[in-house]
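# Descriptive structure summary
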Amino acid sequence: MLQTPRRARQVAALSLVFGAVLLAGAATGAWGDPSDLPPRPAADAARAVGGGLPGDPAGSALSEQQAEHLLGANGDRWGAYYSAQEYAEFSQGLDGRYLGVGLSVGRGEDGVTEVSQVAPGGPAAAAGIAAGDRLLRVGQDQADHLPVTEVVARLRGQGDERRAGSEVTLEVRRGEGDVRELRLRRALLDSQQVAAEHLDGGVLRIAVRAFTSGVTDRVRAALRAPHAGVVLDLRGNSGGLVDEAAGTAGVFLDGGPVGSYQERGETRELTAPRGGDQRTPLVVLVDGGTMSAAELLAGALQDRSRAVVVGARTFGKGTVQRPSRLADGAVLEMTVGRYFTPAGRSPEGTGLAPDVPAAGGEDADALALRVLAGLGTRA
């Protein structure tokens, strides 16, 4: 019966994302559309994971079964066990890099497997693959006959293929054109977690998919463009590096509290760096996929009266996990505490309510622009 609890926890921690380990600032976990693009990080985890289990500084050699038993006995809903390889790959993703060919795939109602996104500068883009191309074959197998998750796994590589320079063979077709066979070499690619676009009225929309390494700098760079108001879109953001979330808060705050977390009875404060823009009207968009460190950021801007939060109630993940390295290189993450917004609210279990909720079926993007217009624009 091992597989069921392990898979349940990993789907939660890797596919639905959550958790915050705030000490060293790295994160593990993933979620997102079927893609070999970087999965959206979930649980925040420390870069340095030495020391073994709490109370066992020498490190323990636990089997997978023993680790699952320990998590179950403690009632740890979000604890998880990772092999050394799994943990290394997830941590790499949080460093803003991922191994792949740089494309996302989706499957329509007609069962056809299509390319939905191509990362600029990646192997797929270099080979001329474009969004809308049909993916016919991966390796020796027809893509339409495989689960989308299996297509993604083969794109990213398995076993000895999990290295830069390994090859994957694809067959693609654009429209009614000829079938092309392509041999792509997997590469370490930079994740694209921040996207900015200019809307009417001088509004700058900045979408942050996850808080991987370097996101704060990318948000700050996006704000150098002329703008009269900002929509910070955190919908579907599954969290990630808490120091990056706090840093992003600092882009819009002139120092002060971002939140705090409790670990084994001790409270630690999170603060924003000084010098942020406190004048530009700001709306933060959230939904049920806004999680963990993203909830912390939204809650901080809300509590500090810096932004109007628009959309739907957030996911509700506010616990802290500490990763411990086991003797065989595997990692066991265990819940050790909670984090809180500056006003002392915890999103755990309930999420954070928006200031302006989007009614069922209402266009949240349009609502955000109306709210921003009501705030006025910077002179």
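Look up a bit, the structure's there.
Attention here is on the structure that accompanies the text. (Residues numbered from 1 in each chain as written. Predicted model: local features only at pLDDT ≥ 70, side-chain atom pairs only at ≥ 80, totals over all residues. Heavy atoms only, no water.)

Looking now at helix H5 (residues 148–156). Restricting attention to buried positions, one finds in H5 the residues Val148, Val151, Val152, Leu155 and Arg156. Along the axis of H5, the buried positions cluster into a sector of 130°, meaning they face one direction only. Following H5 by one or two positions, Gly157 has its phi on the positive side, about 100°. (Buried < 20%, exposed > 50% of the residue type's maximum accessible area, 1.4 Å probe, protein only. Helix = DSSP H or I, 4+ residues; strand = E, 2+ residues; numbered from the N terminus. Arc of directions from axis to C-beta.)

Looking now at the side chain of Asp233. Locating Asp233 in the fold gives a position in strand S14 (residues 229–233). Residue Asp233 is classed as buried on the basis of its relative accessible area, which comes to 4%. A distance of 2.7 Å separates polar atoms of two side chains, one belonging to Asp233 and the other to Arg205. Only 2.8 Å separates the side chain of Asp233 from the side chain of Arg235, close enough to count as a polar contact. (Polar contact = N/O pair within 3.5 Å; in protein donor to acceptor, adjacent residues only side chain to side chain.)

Moving on: the nonpolar core. With 38 residues, the main nonpolar core has Ile206, Leu232 and Val284 as its most contacted residues. For this core, the secondary structure elements donating two or more residues are strand S13 (203–208), helix H6 (215–222), S14, helix H7 (242–252), strand S15 (257–263), strand S17 (282–286), helix H8 (293–303) and strand S20 (331–340). Ignoring any residue separated from it by four or fewer positions in sequence, one finds Leu232 in contact with Ile206, Val208, Phe252, Leu282, Val283, Val284, Leu285, Leu297 and Leu301. In terms of nonpolar packing, the next biggest core, distinct from the first, is built from 19 residues, Val115, Leu135, Leu182 and Leu184 among them. (Core = buried A, V, L, I, M, F, W, Y, C linked by side-chain atoms within 4.5 Å. Contact = heavy atoms within 4.5 Å.)

Let us now look at the pattern of salt bridges. Applying the stated criterion to the full structure yields 16 salt bridges. The shortest N-O distance in the salt bridge between Glu266 and Arg268 comes to 3.6 Å. Assessed through its relative accessible area of 42%, Glu266 is described here as partly exposed. Three or more residues are tied together by salt bridges with common partners; here these are Glu197, Arg205, Asp233, Arg235 and Asp365. (Salt bridge = Lys/Arg side-chain N within 4 Å of Asp/Glu carboxyl O.)

Strand order in the open sheet made by the six strands is S12-S13-S14-S17-S18-S21, with mixed pairing throughout. Here the strands that pair on one side only, and so sit at the sheet edges, are strand S12 (194–199) and strand S21 (356–357). With respect to the sheet, helix H9 (residues 364–375) is in contact with S12, S13, S14, S17, strand S18 (308–311) and S21, its orientation differing from that of S17 by roughly 160°. (Pairing = 2+ DSSP bridges. Axes fitted to C-alpha atoms, helices over the stretch in contact; angles between N-to-C directions.)

Function cannot be inferred from these measures alone, as they are strictly geometric.
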